[in-house]
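A look at the structure
One letter stands for each residue in the lines below.
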Amino acid sequence: MADVPPTGSPDPVSQPSSPPSSAPYPGAPDLSASSAPPEGPARDSWPSSAHLQEPARDSSASAAQPEGSGSAPAAWPAGAVPGNVTAVEAPADAVPPFPADPGQTVAPIPGRRSGLRRWLPVTGVIVLIAAAAIGMLIFLGYNIGLTGLAVGLTAAILPVPLLASAFAWLDRYEPEPVKYLIFCFAWGAAVATAAALAVNTGAAWLFDKIGLPDALVAVLVAPFIEESMKALGPLLLFWRRRAEWSGITDGIVYCGLSALGFAMVENVLYLGGHGYAAGAEQYGPATGLTNVFLIFIVRILFTGFAHPLFTSMTGIGLGLAARTADRNVRWLAPIGGLLLAMILHGTFNLLPTLSAATGQSLIMLYGYLGFMVPFFFAVVGFAIALRSWEGRLTERVLHHYVRTGWFAPPEVAALGSLGRRHSARQWAKRVAGPHGGKAMKSFQFAATRLAILRDGMQRGLAGDQNEMVKATFEERELLGAITGYRSVFAGRDPQTPPAWWDGQLYRISFPDGVVRTVAPPAEPVMPVPVQLPPAYAYGPPPFAPHPGQQYPGQQYPGQQPPQYPGPQYPGQYPPPYK
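From a predicted model like this one, the values you see are computed outputs, not experimental measurements.

**So, helix 9 (residues 327-358)**
For helix 9, which comprises 32 residues, the first-to-last C-alpha distance of 46 Å matches the rise-based estimate of 46 Å (1.5 Å per residue) to within 8%. Of the residues flanking the start of helix 9, the one acting as N-cap is Asp 326, its side-chain oxygen 2.9 Å from the backbone nitrogen of Asn 328. Among the residues trailing helix 9, Gly 359 stands out with phi positive, at a value near 75°.

As C-alpha cells, then:
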C-alpha cells in the first residue's frame, strides 16, 4: 500500500530532490514540508500557531478537481484551532491539518470515559433485566412446568443463532459493540415480555368482565404494548448512546434483536405451554411433542420473521432520526415507525382472528401469501440495498482526506465493499504477518467511523459548539489511530518499491535510486491477497527462452541495461497497493 504523509514508509527511503511547493488544491495544507516521509518513526503534530486560509473559489480550482469528487473541502478558518472552534467557525467539510506531535499518531479509537454517572444507569438496567428474566422463568416454570419449560426453551432457541447471524451480517461494515447488541436482545427477552405479558393478561381479564371476546386483546392491546416495549430498549440506547447509531441499518439491527429476544420467550410459552404441556396433560408426552413440532412449523418456520419485521419499522424511524439535523424529522420519524409497526402487528393478528370468527381459513392464507410474505421480502431487499449503500459511504466521504494526503486513493477504494476489505486484510497479513491483518481490520473500522463522523458533520448533526468541539477531537483521534494502524503494514511489501501519496501524486523510489512523481491512474488499483511471482528486472528467467525470443529485462552481450527516464512510464512500477 502506498504510504501517505506524514507517516511515510516504515522503512526510510530517499527524499525527493525537489518536492512540489504547491498544495493539492487551493486551501489545502502545504505539502512542501510534510509530504515526504520523515526519517525514522517520528511524525508531525497539530500545528498550534499556523492556520490555514479559506480556499479560493475560482474556476482554476474547480478544473483541478477530479471528476465526480465534489467540491474541494474547505480548510480550517483563519484563527481557528482544533478544540477552540464553533459551529460557525468550522465549515462542515473542513479537514484538519496534518498532525505534528508524535503522541497523536498512535492514539486508539476514541472511547468513552468511565465514571459513576455512567455506571449507575448501566447497573440499574442490568438489575432490571435480571429481575425481569428471573420473574419470567418463575412464571413460565410455574404455569407450564419444568418439563414444558425445558422443551419449549430448547425448541425456541433453535432459530435464534440463524436470525442473530443475519443481523450481524447486516452490520458488518461498522459492527456495533457486542454489549449493546446483547442489551437489546436481553431487553426484548426479559423486560418487554414481562411487561407485555402483564398488560395482555390484565386486558384479557378486563375484556372478559365487560363481555368482549378475548381475541380482541391480540388485535387491540397486544400490538400497542408489545411494540412499545420492544422499542423502549433501543430507544434508551438511542438516548444515552447516540454515537452508536450511524444510520438506518443500526436501527434495524438494534430493534430486530430486541424483537428476536421477545419472540424467543413468546415461543417458549407457545411451544412449552400450548404445545407440550397441554398435549402431555391430555394424551401423554408423545402428543405433546407432536404439538411442539406442529407449532414449531407454524410459528417459527412460517411466521418466525414477524416480530423482527414489525419492530424494524421502529428501527428505520430511529435510524432516520439519528442521521438528520431536522428537529421535526427527529421526532416524527420514530413516532411514524412505531405506529407503522403497531399497524402491521395488528393486521397480522387480525388475520387468524377473522379466520376463526368466520370459519374461512382462506383469509389467513391470502393475507399471509398476498401481503405479509411480499412485504417481508421487500424489507429484506431494502435492508440489503441499504447495507451496500452505507458500505460505500467511505468512498463518498473520505475523498476530502485523500486530497489533503491523509489517505491514498487505493486505501479509500479498498473500503468500498466487503470483498475489497477482505482482500486488503489478506494483503496486510501477507506482507506484515498476523499483526498486519489485525492492524488492517482496525484501520478499516477506524476509517469507517471517520466517514460516519464526517458525514454527520456535513449533515449538520453537530449543531452547537459543544458538539462541534467533541466531533473535532474525535476526528483528530481517529486520524491519529488510522496513522498508527497504517504504520504496521505500510511499506512492507518486498515486491513493490517504496512509495507514498502526497495528496496529489504518488512519489515512487525507482530502482535507479531516484524518487519520481507519478500521477494516479483513473481507477485505483486494488490489493491482491495472493503471493505474486517474483519480477525479473535483470537477467534471464529461470527457464530457457525460445530461439530468438527476448524477455523484458534480459540482457545480451553488448546490450545496455534498461533505463528509467522518469514518470512517463507510470505502469512500470505501479503503486505498491496492488
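Having seen it, we continue.
**Section: the packing of helix 4 (residues 178-209) against helix 5 (residues 215-240)**
One way to put it is that helix 4 packs onto helix 5 with a least axis distance of 8 Å and a crossing angle of 155°. Taken together, the axes of helix 4 and helix 5 lie roughly antiparallel to each other. Once helix 4 is placed against helix 5, the crossing between them reads as right-handed. In terms of residue class, the contact of helix 4 with helix 5 is made up of 22 nonpolar, two polar and two charged.

**Side note on the pairing of strand 2 (residues 506-509)**
Every second residue of strand 2 is oriented toward a common face, with Tyr 506 and Ile 508 on one face and Arg 507 and Ser 509 on the other, all of them buried. Sheet topology places strand 1 (residues 499-501) next to strand 2; three bridges connect them, and they run antiparallel. In the sheet register, Trp 500 faces strand 2, and the bridge partner there is Arg 507. Across four bridges, the pairing between strand 2 and strand 3 (residues 515-518) is antiparallel. Its bridge partner lying in strand 3, Ile 508 is registered against Arg 516. In sequence, strand 2 turns back onto strand 3 through a hairpin of five residues, with Gly 513 there showing a positive phi of about 90°.

**Thoughts on helix 5**
Between its terminal C-alpha atoms helix 5 stretches 38 Å, which fits the 38 Å expected from 26 residues at 1.5 Å a residue. Remark: the principal bend of helix 5, roughly 50°, maps to Ala 222, with a proline, Pro 223, within the next four residues.

**Some remarks on the pattern of salt bridges**
Tallied over the entire structure, the rule returns 12 salt bridges. Between Glu 475 and Arg 454 there is a salt bridge whose closest N-O contact spans 2.4 Å. Of this pair, Glu 475 sits in helix 15 (residues 465-489) while Arg 454 sits in helix 14 (residues 418-459), and the two are 21 residues apart along the sequence. Overall, Arg 454 belongs to the buried group, its relative accessible area being 0%. One salt bridge connects Asp 502 with Arg 507, and the closest N-O pair in it is separated by 3.1 Å.

Parameters and conventions
- Residues numbered from 1 in each chain as written.
- Predicted model: local features only at pLDDT ≥ 70, side-chain atom pairs only at ≥ 80, totals over all residues.
- Heavy atoms only, no water.
- Helix = DSSP H or I, 4+ residues; strand = E, 2+ residues; numbered from the N terminus.
- Expected span 1.5 Å × (residues − 1).
- Polar contact = N/O pair within 3.5 Å; in protein donor to acceptor, adjacent residues only side chain to side chain.
- Axes fitted to C-alpha atoms, helices over the stretch in contact; angles between N-to-C directions.
- Parallel < 35°, antiparallel > 145°, perpendicular 65-115°, else oblique.
- Left-handed = near helix turned anticlockwise from the far one by under 90°.
- Nonpolar A, V, L, I, M, F, W, Y, C, P; charged D, E, K, R; others polar.
- Buried < 20%, exposed > 50% of the residue type's maximum accessible area, 1.4 Å probe, protein only.
- Pairing = 2+ DSSP bridges.
- Bend = angle between axes of the 7 residues up to and from the residue.
- Salt bridge = Lys/Arg side-chain N within 4 Å of Asp/Glu carboxyl O.

These results come straight from atomic positions and should not be treated as a statement about function.
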